[in-house]
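Coordinate analysis (summary)
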Amino acid sequence: MCVSVQVMWPPHLRARCSRAFSEEVDTGSWQKMRPNQNAGALIRFHRIEKLTLAFVILTSTFQTATAHQIGLAEQVLQPVSGALGLLPLLTAALLLRRQTDPSLTRPAALALAVGLAIGLCLRTWLTGTPLQPAVPLSIAAAFGLAAAAGLAVPSLAALIICALLGLSLGANLHSETNELIDLAQSLAGAWVGTLAALQIAVTLPQAGSRQWQAIGERIIASWSLAIATIMLAMTARSMM
Amino acid sequence: MPTRTPAFFSAVLISALLISSSAFAHTDGVAQSGFWSGLSHPISGWDHVAAMVAVGLWGAFLGQPAIWLLPVVFPMVMALGSAFGVIGIPIGGIEIGIALSAVVLGTAILLQLRAPFWLAAIIVGIFAIFHGYAHGAELPEAANPLAFAVGFVVATGLLHLAGIGLGTFIRWPAGRVGVRATGGAIALIGVAYLTGAI
């Protein structure tokens, strides 16, 4: 005898879940946007990102009290709390500012998540080797060169940039232990933190004329490339 | 109803997390020594200072786009030279190259040479290798790599900006004379260093 069990969700909970995974973009304002509307920026906060942040907060809160070395703030701020995260993030943001297609928001966030996951897997082999800092520094140098050269960023390139950024950050992620829950927390925290940082950088308002802003961005990109190259050389020296 | 933008949401999130970070025993001393060490490196010798200011001055004479593209090219190629120096790849005639950079760039300013942009970029790029190599080879072992690199690149960039700032005086006749005289002085400094190097 076959018994089918149907879970009856309360209507308000069902409505909330369906909205969280809908195509609607949460702009944070009372007016909701559709993806085909001109959002004016690549990265937007969706409900799914907010739910991820809620996951990080809740799992951190309800874990057994232990002396945490890596707290909630560190998990979310990992991408912006060290040179190995900041340099690729800054140079990627300089590149992504040139791509303002709002329809890329979700694929870009997904590419970032995939890159983070691959990077986290690679971390197992990279930990303790000089290659671990070399991966983000090389990616930052490549991004810096592209930004300083003023290259255009087509849609596919934007997704690749997001994936590579995720890879570079994932390869240097810290987690309390190698247990699944800690890894998931680190991954989710870094994803939310990176998206937030990217969003701020990509949607920063134009300061001054567009031409001078472009010049300033290329100068910052060249400086970032120089810093990444010098750090790469120092890493190479430590290998010798 | 006030509108809350996503950027505002993100800024509040990051600010809150930054404020709530754990207390650490601060180790700023190490970072600062690395930063100041890097910052003071490019201004530790008159030959370096003269050449880097000359890049900005020459860019100002050449006009758009050289005025800002030369200071973009210089740090990138200089970092490559630094990498050679740090790793220890042998390059000969570094001191001569640095002195020559001041002579050539100073003379270009003095004579108001209007080279094509690509040629100016190549000249500046070649000299940047020598400057970067000298700094890279002298890089202290114990320096905080990030702080040192940031200080080093920022100091170089500020010297270029100083040159560009001085170069804006060329719009006035007296300023043009002054800038050309500065170019002559830079060339003389280069000659003095070149004599010592040879």
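Within each chain, residues carry numbers counting from 1 in the order of the written sequence. To read the labels, note that chains go from A and ligands from 1, taken in the order they are written. Residues qualify for local features only when their pLDDT is at least 70, as the model is predicted, and side-chain atom pairs are given and counted only at 80 or more; totals for whole chains, interfaces and linings, by contrast, use all residues. Remark: hydrogens and water are excluded; side-chain values derive from all non-hydrogen atoms of the structure.

Re the environment of A:A196
Residues and elements named next belong to chain A. Position of A196 relative to the elements: it lies in helix α8 (residues 180-202). Exposure classes here rest on a 1.4 Å probe applied to the protein chains alone. A residue is buried below 20% of its type maximum, exposed above 50%, and partly exposed in between. For A196, a relative accessible area of 0% translates into the label buried. Sequence spacing of A196 and L77 is 119 residues, and the spatial spacing of their C-alpha atoms is 9.8 Å. Numbered from the N terminus, helices here are DSSP runs of H or I no shorter than four residues, and strands are runs of E no shorter than two.

Remarks on the confidence of the model for chain B
All names here are of chain B. In this model, chain B carries an average pLDDT of 77, and 81% of its residues clear a pLDDT of 70 or more. The secondary structure element of chain B with the lowest average pLDDT is helix α1 (residues 6-19), at 50, and the one with the highest is helix α5 (residues 94-110), at 89. Per-residue pLDDT stays below 50 along residues 16-32; that stretch engages in eleven contacts with residues further than four places along the chain or on separate chains. The predictor reports its confidence for every residue as pLDDT, a score running from 0 up to 100. Between two residues, a contact is recorded if the distance between any of their heavy atoms is within 4.5 Å.

As for the packing of aromatic side chains
All names here are of chain B. Between the rings of Phe, Tyr and Trp (Trp by its six-membered ring), a pair exists once the centres lie within 6.5 Å; its type follows the angle of the planes, with under 30 degrees stacked, over 60 edge-to-face, and the other angles tilted. Counted by the stated rule, this structure contains one aromatic pair over all chains. Between F169 and W172, the ring centres sit 6.1 Å apart and the planes meet at 50 degrees, which makes this aromatic pair tilted. Seen from the ring of W172, R171 lies directly overhead, with NZ or CZ sitting 5.7 Å from the centre. Only when the NZ of Lys or the CZ of Arg is both within 6 Å of the ring centre and within 35 degrees of the ring normal is a charge said to sit over the ring.

Topic: the pattern of salt bridges
Residue and element names in this part refer to chain A. Any carboxyl oxygen of Asp or Glu within 4 Å of a side-chain nitrogen of Lys or Arg constitutes a salt bridge here. Following the criterion strictly, the structure yields one salt bridge over all chains and no others. Here R97 makes a salt bridge to E217, at a shortest N to O gap of 2.8 Å. Of this pair, R97 sits in the loop between α4 (83-96) and α5 (105-126) while E217 sits in helix α9 (residues 210-239); the two residues are 120 residues apart in sequence, bridging distant segments of the chain. As far as the burial class goes, R97 and E217 line up, both buried.

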